[in-house]
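A closer look at the structure
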Amino acid sequence: KWLRHWLPPRHWWQYTGDTTIVDTVHMDLQDPRNGANLLQRHELMSACRKGVRALFLHCTSCLTSADLVECLRRCGASLTCVAFSECAVDGSVLRALTEHCPNLRALQMRYCRGEASADDLKALLRALAPSLLWLDMTTPWAPGHAGFGGRGPRVDDGRQSAPWEELQRCATLRVALLPEGVSAAALSGLASCQQLELLHVEADGRSPQPLSVLEPLT
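Since we're looking at a predicted model, the values are computed, not measured.

1. Some details on the confidence of the model for the protein
In the predicted model, the protein carries a mean pLDDT of 81, and the fraction of residues at 70 or more is 73%. Here residues 1-9 is modelled with pLDDT under 50, and outside its nearest four sequence neighbours on either side it reaches 26 contacts, counting other chains as well. Here residues 149-161 is modelled with pLDDT under 50, and outside its nearest four sequence neighbours on either side it reaches 40 contacts, counting other chains as well.

Shown next as structure tokens:
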């Protein structure tokens, strides 16, 4: 049942047999009696293979970060869209995206658990620069987990290490949804992204950026 795809109703029937989409984002994966996750590791691994172009993983309590790395390795360069929400995403997963998924056009992370470094994120954004169209990292890590944009302890402060400045290399970027702590330099650098249509930056309530930093984008 979990192989059913999470899509708008008007499009769902077009993709019911599409094995290039692996999607675990729907309520059928929860046991209504106790809320336990019904996803089985072996089922997911068998679905992840060459030719898969979209991987949507949500609340995968049965998977470690090493399992996610294996999923990405199995899918490889065919992946164009990856979304992780409430998953075990650490530096090893970001490095796997860098190494195995060079053609990603869309990446989303929400409320994941794990730790990652500035260098891991910088390397990933640099690797994706030729293809990235859509990036959602508003709240990539959950509270209490160390990572850029997480509302908890961080490995580094985004204002000093400025991994988001790498986005200026992404000439095809259209949508950028970014976490709190993005530097003025990173925002100004987005002026090189001439196809940018939507920019959203989470506010931390401590040091709001003046509108003047957006002037290069106009």
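Moving on from the coordinates now.
2. Remarks on unusual backbone geometry
Of note in this structure, C59 is not a glycine but carries a positive phi near 55 degrees. Among the structural elements, C59 can be located in the loop between β2 (54-58) and α3 (65-75). Residue classification places C59 among the partly exposed positions, given a relative accessible area of 26%. Positioned with a positive phi, E86 is a non-glycine residue whose angle comes to about 55 degrees.

3. Digging into the sheet that holds strand β6 (residues 175-178)
In sheet architecture, strand pairing relies on hydrogen bonds along the backbone and comes in two forms, parallel and antiparallel. Spatial ordering of the open sheet is given by β1-β2-β3-β4-β5-β6-β7, a layout of seven strands whose pairing is parallel. Whereas interior strands pair on both sides, the edge strands pair on one side only; in this sheet they are β1 (21-23) and β7 (198-201). Geometrically, the sheet is characterised by an average inter-axis angle of 5 degrees between neighbouring strands, direction not taken into account. Sheet topology places β2 next to strand β3 (residues 81-85); five bridges connect them, and they run parallel. Looking at the pairing, A54 lines up with C81 of β3. Along the sheet face, helix α4 (residues 91-100) touches β3, β4 (106-112) and β5 (134-141) and points at about 175 degrees away from the line of β3.

The rules behind each value
- Residues numbered from 1 in each chain as written.
- Predicted model: local features only at pLDDT ≥ 70, side-chain atom pairs only at ≥ 80, totals over all residues.
- Heavy atoms only, no water.
- pLDDT = per-residue confidence, 0-100.
- Contact = heavy atoms within 4.5 Å.
- Helix = DSSP H or I, 4+ residues; strand = E, 2+ residues; numbered from the N terminus.
- Buried < 20%, exposed > 50% of the residue type's maximum accessible area, 1.4 Å probe, protein only.
- Pairing = 2+ DSSP bridges.
- Axes fitted to C-alpha atoms, helices over the stretch in contact; angles between N-to-C directions.

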